[in-house]
Amino acid sequence: MAKKHSSSWSPLRNRVFFMLWMATLFSNIGTWMNDVGAGWLMTNLSPDPVMIAAIQAMTTLPVFLLALPAGAIADIFDKRKLLIFVNILMLCAATLLAILVYLNVISIGWLLFITFILGAGAAFLGPAWQAIVPSLVEPQELKAGIALNSMGINISRAIGPALAGILISQVGLYLPFLLNAISFIAIILAVWLWKGEEKSEQNLPAESVIAAMISGLRYARYSPALIKTIIRAASFFIFASAYWAMLPLVARISLQGDATLYGILTTSIGIGAVCGAFSLSSLRERFSTGTLITLGTVGTSIVLLIFAVAVSKYLAILASAIAGFSWIITLSTLMVSAQTALPNWVRARGLALYLTVFSGSMASGSLIWGQIASHTSVTIALLSAAIGIVLVWLCVLRVKIEHDNINLQHSDHFALPDELLNDVSIEKEPVMVSVHYQVKMEYHDKYLNLMNKLKIIRLRDGGYSWGLFAVPDKTDEFIEMFMVSSWTEHLRQHDRATIDDNLIQQQLNEVVQYKKATHYFSAFSQKTGYQ
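Residues numbered from 1 in each chain as written. Predicted model: local features only at pLDDT ≥ 70, side-chain atom pairs only at ≥ 80, totals over all residues. Heavy atoms only, no water.

Time to look at the overall build of the protein chain. From N to C terminus, the protein chain includes 18 helices and 4 strands. Overall, the C-alpha framework of the protein chain stretches about 85 × 50 × 45 Å when taken along its three principal axes. The buried share among the 531 residues of the protein chain stands at 56%. Looking at the protein chain alone, contacts between residues at least 24 apart form 83% of all its contacts between residues at least 6 apart. When the accessible area of the protein chain is evaluated, it comes to approximately 23300 Å², of which 63% is carbon and sulfur surface. (Helix = DSSP H or I, 4+ residues; strand = E, 2+ residues; numbered from the N terminus. Buried < 20%, exposed > 50% of the residue type's maximum accessible area, 1.4 Å probe, protein only. Contact = heavy atoms within 4.5 Å. Areas by Shrake-Rupley, 256 points an atom, 1.4 Å probe, with all protein chains shown as cover.)

Running from N to C, helix α2 (residues 15-45) and helix α9 (residues 224-254) cross one another at 60 degrees; their axes reach a closest spacing of 10 Å. In terms of axis orientation, α2 runs oblique to α9. For the crossing formed where α2 meets α9, the hand is right-handed. Residues W32, W40, T43 and N44 of α2 touch α9, and the partners they reach there are W244, P248 and R252. Residue classes in the contact of α2 with α9 are distributed as 4 nonpolar, 2 polar and 1 charged. (Axes fitted to C-alpha atoms, helices over the stretch in contact; angles between N-to-C directions. Parallel < 35°, antiparallel > 145°, perpendicular 65-115°, else oblique. Left-handed = near helix turned anticlockwise from the far one by under 90°. Nonpolar A, V, L, I, M, F, W, Y, C, P; charged D, E, K, R; others polar.)

If you check helix α3 (residues 49-76), its first and last C-alpha atoms are 41 Å apart, about what 28 residues at 1.5 Å a residue would give, namely 40 Å. The sharpest bend along α3 measures roughly 55 degrees and falls at L66, with the proline P69 sitting one to four residues further on. (Expected span 1.5 Å × (residues − 1). Bend = angle between axes of the 7 residues up to and from the residue.)

Attention shifts here to the environment of V378. Looking at the secondary structure, you find V378 in helix α14 (residues 378-395). According to the relative accessible area criterion, V378 is buried, its value standing at 13%. In the structure, V378 is positioned 125 residues away from L503 in sequence and 54 Å away in space, judged by C-alpha atoms. Those residues within four positions of V378 in sequence are excluded, and the remaining contacts are M246, L249, V250 and A373.

For the rest of this paragraph, the subject is helix α18 (residues 499-511). For the α-helix, the turn length of 3.6 residues means that residues three or four positions removed from each other point alike. Taking 1.5 Å of rise per residue, the 13 residues of α18 would be expected to cover 18 Å, and the 19 Å separating its terminal C-alpha atoms lies within 8% of that figure. For α18, the set of buried residues is D501, N502, I504, Q505, L508 and V511. Buried residues along α18 sit in contact with β1 (431-439), α16 (444-461) and β4 (512-521).

It is worth spelling out the packing of aromatic side chains at this point. Aromatic ring pairs are reported here in terms of the distance separating the ring centres and the angle at which the planes meet. On inspection of all chains with the given rule, the structure shows 17 aromatic pairs. With a centroid separation of 5.2 Å and an interplanar angle of 80 degrees, the aromatic rings of F236 and F237 are classed as edge-to-face. One aromatic cluster in this structure is built from W32, F236, F237, Y243, W244, F307, W327 and F358. One Lys or Arg, R252, reaches over the ring of W40 and ends 4.7 Å from the middle of that ring. One cation-aromatic arrangement involves R496 over W345; the distance from NZ or CZ to the ring centre is 4.0 Å. (Phe/Tyr/Trp six-rings, centres within 6.5 Å; stacked < 30°, edge-to-face > 60°. Lys NZ or Arg CZ within 6 Å of the ring centre and 35° of its normal.)

The next thing to look at is the nonpolar core. Note that soluble globular proteins tend to have their nonpolar side chains buried in a common cluster. Ranked by internal contacts, the top residues of the largest apolar core, which has 137 residues, are F237, Y243 and W327. Ranked by residue count, the leading element in this core is α9, at 17 residues. Core analysis: the next-biggest nonpolar cluster, separate from the first, contains 22 residues, L450, L454, W487 and V511 among them. (Core = buried A, V, L, I, M, F, W, Y, C linked by side-chain atoms within 4.5 Å.)

Turning our eyes to something else, we now look at the pairing of strand β3 (residues 477-484). Where β1 and β3 come together, 8 bridges link them in antiparallel fashion. Residue H436 lies in a different strand from β3, and its bridge partner there is I479. In the sheet, strand β2 (residues 463-470) pairs with β3 via 7 bridges, with the strands oriented antiparallel. If you follow S465 over to β3, its bridge partner there is M483. As consecutive antiparallel partners, β2 and β3 are separated by 6 residues, and within that stretch D473 has a phi angle of approximately 65 degrees, a positive value. (Pairing = 2+ DSSP bridges.)

This part covers the sheet that holds β3. Pairing is antiparallel across the open sheet formed by 4 strands, whose spatial order is β2-β3-β1-β4. Bordering the open sheet on either side are β2 and β4, each of which pairs with just one other strand. This sheet shows a mean twist of 15 degrees between the axes of neighbouring strands, independent of strand direction. Its contacts with the sheet put helix α17 (residues 487-495) on β1, β2, β3 and β4, and the angle it makes with β3 is roughly 115 degrees. Sheet strands in contact with α18 are β1 and β4, and its direction is about 120 degrees off that of β4.

Secondary-structure assignment places Q513 in strand β4. The sequence separation of Q513 and V439 amounts to 74 residues, and the corresponding C-alpha distance is 5.6 Å. Sequence-distant contacts of Q513, defined by excluding residues within four places in its chain, comprise Q438, V439 and K440.

Written out as structure tokens, the structure is:
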């Protein structure tokens, strides 16, 4: 029992993790108050379902558009400075919104614009914040750290909406926006006190943002684990977005409620999510990743059905709790899957791609369900989402994301000789690498199978063309050739090797009698070639 307790809560014993966790808790309470206030404010400005859904879309669309460059920036530059700068900008935007609402001069255009700006800030914060978690906790605590992050978000979800509903009904609509602005001060101070990540010695020049984005997309293209996670995420969130987008209308129209009821429903989602977060550790011990996603999907489909025919406030509150439980189980499981599919060098970019799909699914889903509700009814929109999530789940059952045992920690097995490492070049000419192998006759099939795996590694970590050729009249000799965009990128390719890559290399060494690598440079560069 003590071991389980340690694995679930030990990250909070880390002073830096605890400080940042508490700061984000307060900041997220403000964010949820802002979201409830914005949704309710839009029902005052325009009860059109399309406009209500537009609020949800303006929150998530910026993440879809900006997360990938934001992830590249987070991988290249100092994450601490980035977090401080973006939070200051969000503080200014939230303050402006509070002033406009207080002066009663807010318009639909201003509300959507500032919501988009806050969403853009979230786009830059998300990849950077998620990427620093592995540096704050021990490797064996990563799942616990991710779960605690999710728990913090959902504790704030339980507090923020309820508080917003009370403040709106008892004080005024401006107050949730004002408190959201103030909440950014907590996170700015906490990040300011944090010293930042430990910097490893880096002899290579930093990648440009565009090059970093390309390398991130390339890694994702050749990472089956990340691709499967993204497919499962898209298939869930595009339908789960329906109840988030329609919730203000369910509260106001279907249930004939006010801002207090809307806050209670959103709070119930948060309470359910907190219960789910507390249950995650024991659930992971009992069920596989695929089963947990199935549980979340079934729970969400039930919630959509209940909301579609909701006539009882109490039944809607119960459904909200189920929604939160199902949401956090699925969200945390997919986030752990994305984290474990990424090595440190591309973590923020990979998470940004995951967040891009997540936000794109939420934004497009919100607009789709809003349009359906506008042309038919809220009930039809929610019923369509309930049916759709089950059908798509059946279609992606074969997409397994069981990859908890992969090890993407850095390995030095692919290190270059010192004379090559000392020659750091920023030339743009491509580099061709050839590796001559002599293979034991009885291991040809095993060798070819291993080379197929090595091909994925070469292309994933920097190569853009790869081939394996047999030497004429020599059945035991092969030549591997691959291209890299520059010598600097090839040096990065060596630096990106992982422990799992080393396992493949060790298996190759068992079947290879002789191996020699040769590097070739463009005839138009100043280099001639290295052995």
